[in-house]
Amino acid sequence: MDPIFQPFRDDPHYPLDRYEAAADLMLLNMGPQHPSTHGVFRLKLVLDGEIIVKAVPYMGYLHRGVEKMVEGLTFAQMTPIFNKHDYVSPMTNEQAYAVAVETALGIEVPRRARYIRTILAEIQRIASHLLWLSTFTLDMGGVIGGGAAMMMYNFREREDIFDLFEAVTGSRFHYNTHCIGGQRHDLPEGWVQRVRAFLDRQERAFDEYLRLIRNDIFDLRTKGVGVMSADLALGLGITGPNLRASGVDFDMRRDAPFHAYDEVEVRVAVAQGCDAYARYEVRMAEMRESVRILRLLLDQLPEGPICGSKPVKMANAVRVPDGRGYTAIEGPRGEIGTWLIGGGEDKGAKPFRLKIRPPSLHAMAAMSYLLPGHTVSDVVVVLGSLDPIMGEVDR
Amino acid sequence: MILDNPYLHALIVGLPLLAVALTVAGFGVFYERRFAAWIQLRRGPVWVGPQGIFQIVADALKMFQKEDLVPASADQAIFKLASWFPMFLALSLLAVVPMGAVEAEDGSWTAAWAVSSLDVGILWPLALGGLMVFPLWAAGWSSNNKYSLLSGMRMVAQGISYEIPMVLTAMVPVILAGSLSLDDIVTYQMNHGWFAVWPPGPGLVAFVIFFLTSLAEADRVPFDIPEAESEIVGGITIEYSGIRMGLFVLTEYAHTFVAAALTATLFLGGPHMPFSVGPAWMGVVWLLGKTLFLFFVIYWIRWTWLRYRADQLMDLAWRWLVPVSLGLVMLSAVWVQLMEGK
């Protein structure tokens, strides 16, 4: 990359008039209507020919006011809202919310329920990473091209996952299966065997994916593209696979265990490449790791109740007293945090404030650091490799 | 004889050829969609007609019914003209391709049945293929859209870069056959073996490079950078709608078909039958078969590969394809010298 773009990579606010262009610069608004912006996202690009001098991300086109809306809802009414802001991993988002309220109330979740949550979270991680893989290759190969082939293969396995979730919750996408203190649905008969069969299929499918996409063009398009140093990633608060691809060995599943992660060994995938290829490596390794963890969890799955010993009889009776706290779990995209201030309306039946910390929002902040010096073609690769979900970014 | 009149000859041979080319281009859309569906675990179009074979008719009817939108800020005249020219150019490339083979009494073969047997035959498709850049660039520029502009620029850069290895590798058969005429090139192959096979080495490499560059000329994956829909949203066709859009799509298929036909003619012996199966007109079937085989290889590549980036494409052209094809030209010249020296 040309060193003249380095100041723009170091500081997105570096004045544009210090850049000496051979001809006029062109301003290109990429999005909000654009096939590869993963939702409704706008990038203002200042181009010198095809090369990006400056990139400014604009978010908020999908803002639905979730955080304000939940201030008027009781705690039991909120779960269906929470599985909609990140619509690619609804299961994990419900869990982030359930964990937050349970921590605030000091409720102990039964061991079986914690296992079920872990199993569902890991299957959700595979589903989410599969969607990432398909959109990532779609961006590189095109809807009419090799990317679409990859997507169809990924969706074959995602379909299996939806069938599994449907068997548990009765719903294919927005599950509403977590309640405060445990699970709403127990695992149906024969479900464990179905998951095992799925894991075998999935493991074979990984090799199939690799045969489909691993060639020189894939390497050319991803290696050295969107290099994010560990300092930048830590400074921007980036978590999850994006952080681990920058060489930082941090995973909340191992370092701050929640659910039943303290009872299984999680081998954290870390890559040193810092580029789009490293992010690909980390996510592929994580999917394989999820398969391994799932097998362990299914072996150890305990019997017992799935909801708290003192069930909350009246859903509306959950009252979170005055006080504040931050809880976080590791979702497929990174740390899904919940900042909860209790003691809202009706003596704490509603939250005073509930702030969601979405991992994708922080990843989007990196865009303006990563893009200068790259070409327009690389925008979609960098954006795809960060795996943002706009519903979660804007909430 | 009636065919002695060049105009009548062009009419009698040319019209069926055009009909076949357009039909194949049209049904190429259908074949490709079913082929892609097969690759991708889908079913593809199956509802219109038996096995969905009339899907293209339904699509074309839909295209004709749509409103012909011309953006107010576009350069109206150029915008409208630019959508028609690529089709003319793509189809005219076929004019010099000999489609038949005639056996002489002494057992040697001669190529025949080209619409026009130009003495400088090979220059015609190369020149028209080069011209192809102009209407596409005009479409990109006149649309008055930034994505189209980027696409037009990419189109020009790619067209010019890939023209060079394409012309150079096309020179390999010319040198080996000792003639610019496609008739002579095919005749030579009929009597001495296909250039993709003999002489071993340069012919095969030239075949692969020529095939790759014609992919780039026709904007096919992995070189479909000018119309990358995930980056610049379809590029030059972004502002086109209705039948003008349909023309661009059909041109793509026609151009791909023609590129495959040309590759088959230059390197796979054109209408030459590797083993005799019936009368001389079977040569046409063989040419069509070879062309369709290459056509499917193109779509096989298209539905399984990712695309290059613009600068990597230039790298590939200038660092690898141009030097290698220059070497091939020299090699084949040396080969001819050695063989004739014997």
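### Some words on the overall build of chain A
Thinking step 1. Looking only at helices and strands, chain A has 17 helices and eight strands in total.
Thinking step 2. Relative to its length of 395 residues, chain A is compact, with a C-alpha radius of gyration of 22 Å against a globular reference of 21 Å.
Thinking step 3. Along the three orthogonal principal directions, the C-alpha set of chain A runs to about 70 × 50 × 35 Å.
Thinking step 4. Here chain A holds 395 residues, and 51% of them are scored as buried.
Thinking step 5. Sequence-distant contacts, at least 24 apart, represent 70% of the contacts inside chain A between residues at least 6 apart.

### Thoughts on the interface of chain B and chain A
Thinking step 1. Each side of the interface is counted separately: chain B has 25 residues, and chain A has 32 residues.
Thinking step 2. Elements with a minimum of two residues in the side of chain B that touches chain A: helix H7 (146-177), helix H10 (229-232), helix H12 (282-304) and helix H13 (310-341) of chain B.
Thinking step 3. Considering every element that reaches the side of chain B that touches chain A, the biggest residue donor is H10(B), with four residues.

### Quick notes on the sheet that holds strand E2 (residues 42-48) of chain A
Residue and element names in this part refer to chain A.
Thinking step 1. Taken in spatial order, the three strands of this open sheet run E1-E2-E3, and their pairing is antiparallel. The open sheet has two free edges, formed respectively by strand E1 (26-30) and strand E3 (51-58), since each of these has just one partner strand. Going across the sheet, the axis of each strand differs from the next one's by a mean of 20 degrees, ignoring polarity.
Thinking step 2. Relative to E2, E1 runs antiparallel, the two being bridged by five bridges. When the bridges of E2 are listed, leucine 28 appears paired with leucine 45.

### Re the nonpolar core
Thinking step 1. Membership of the largest hydrophobic core comes to 202 residues, with the highest contact counts inside it found for Val382(A), Leu94(B), Phe210(B), Ala254(B), Phe257(B) and Val258(B).
Thinking step 2. It is helix H5 (residues 111-141) of chain A that contributes the most residues to this core, 16 residues altogether.
Thinking step 3. Each of domain 1 (3-58) and domain 2 (66-394) of chain A accounts for three or more of the residues forming this core.
Thinking step 4. For Ala254(B), the residues in contact, after removing those within four places along its chain, are Ala21(B), Ala25(B), Met87(B), Ala90(B) and Leu91(B).

### Regarding the pairing of strand E8 (residues 353-357) of chain A
All names here are of chain A.
Thinking step 1. In E8, alternate side chains face the same way, and those of Leu354 and Ile356 are buried while those of Arg353, Lys355 and Arg357 on the opposite face are not.
Thinking step 2. Where strand E7 (residues 334-341) meets E8, five bridges bridge the pair, whose relative direction is antiparallel. Of the residues in E8, the one forming a bridge with glycine 337 is arginine 357.

### What about helix H11 (residues 242-267) of chain B?
Residue and element names in this part refer to chain B.
Thinking step 1. Taking 1.5 Å as the rise per residue, H11 with 26 residues should run 38 Å; its terminal C-alpha atoms sit 38 Å apart, in good agreement.
Thinking step 2. Where burial is concerned, most of H11 is hidden: 21 out of the 26 residues are buried.
Thinking step 3. Just beyond H11, the residue with positive phi is glycine 269, at close to 80 degrees.

### Concerning the environment of Ala104(A)
Residues and elements named next belong to chain A.
Thinking step 1. By the element assignment, alanine 104 lies in helix H4 (residues 90-105).
Thinking step 2. It is 46 Å that separates the C-alpha atoms of alanine 104 and glycine 142, two residues lying 38 residues apart in sequence.
Thinking step 3. Other than its neighbours up to four places away in sequence, alanine 104 contacts Val320, Gly325, Leu340 and Gly342.

### Quick word on the confidence of the model for chain B
Residues and elements named next belong to chain B.
Thinking step 1. When the pLDDT values of chain B are averaged, the result is 81; 92% of them are 70 or greater.
Thinking step 2. Within chain B, the lowest mean pLDDT, 67, falls on strand E2 (residues 109-112), and the highest, 88, falls on helix H6 (residues 133-142).
Thinking step 3. For this predicted complex, the interface score ipTM comes out at 0.79, alongside a pTM of 0.86.

### So, the environment of Met190(B)
All names here are of chain B.
Thinking step 1. Relative to the elements of secondary structure, methionine 190 occurs in helix H8 (residues 182-192).
Thinking step 2. For methionine 190, a count of 22 C-beta atoms within 10 Å corresponds to the buried category.
Thinking step 3. Distance from methionine 190 to glycine 52, taken between C-alpha atoms, is 39 Å for residues 138 residues apart in sequence.

### Looking at the environment of Val268(A)
Residues and elements named next belong to chain A.
Thinking step 1. Tracing the chain through its elements places valine 268 in the loop between helix H11 (252-255) and helix H12 (276-300).
Thinking step 2. Given 15 C-beta atoms within 10 Å, valine 268 falls into the partly exposed group.
Thinking step 3. Each C-alpha atom, one on valine 268 and one on alanine 365, is 25 Å from the other, the two residues being 97 residues apart in sequence.
Thinking step 4. Excluding residues within four positions of it along the chain, valine 268 makes contact with Arg244, Asp249, Asp251 and Arg254.

### Focus: the sheet that holds E7(A)
Residue and element names in this part refer to chain A.
Thinking step 1. Read across the open sheet, the three strands follow the order E6-E7-E8; overall the sheet is antiparallel. Strands at the two margins of the open sheet, each flanked by one partner only, are strand E6 (324-331) and E8. Put simply, the sheet's adjacent strands are angled 15 degrees from each other on average, direction ignored.
Thinking step 2. Where H4 meets the sheet, its contacts fall on E6 and E7, and the angle it forms with E6 comes to roughly 150 degrees.

### Focus: the domain arrangement of chain A
For interface size, the figure often reported is the accessible area lost on association.
All names here are of chain A.
Thinking step 1. The domain boundaries assigned to chain A delineate domain 1 (3-58) and domain 2 (66-394).
Thinking step 2. Domain 1 and domain 2 are separated by 30 Å when their C-alpha centres are compared.
Thinking step 3. Facing the 22 residues of domain 1 at the interface are 20 residues of domain 2.
Thinking step 4. When residues of the side of domain 1 that touches domain 2 are traced back to their parent elements, those giving at least two are helix H1 (6-10), E2 and E3.
Thinking step 5. Ranked by the residues each element gives to the side of domain 1 that touches domain 2, the list is headed by E3, at seven residues.
Thinking step 6. Considered class by class, the residues forming the side of domain 1 that touches domain 2 number 15 nonpolar, four polar and three charged.

What counts as what
Residues numbered from 1 in each chain as written. Chains lettered and ligands numbered in written order. Predicted model: local features only at pLDDT ≥ 70, side-chain atom pairs only at ≥ 80, totals over all residues. Helix = DSSP H or I, 4+ residues; strand = E, 2+ residues; numbered from the N terminus. Rg over C-alpha atoms; globule rule 2.2 N^0.38 Å. Buried ≥ 20, exposed ≤ 12 C-beta atoms within 10 Å, placed from the backbone. Contact = placed C-beta atoms within 7 Å. Pairing = 2+ DSSP bridges. Axes fitted to C-alpha atoms, helices over the stretch in contact; angles between N-to-C directions. Core = buried A, V, L, I, M, F, W, Y, C linked by C-beta atoms within 7 Å. Domains from an automatic or database assignment. Expected span 1.5 Å × (residues − 1). pLDDT = per-residue confidence, 0-100. Nonpolar A, V, L, I, M, F, W, Y, C, P; charged D, E, K, R; others polar.

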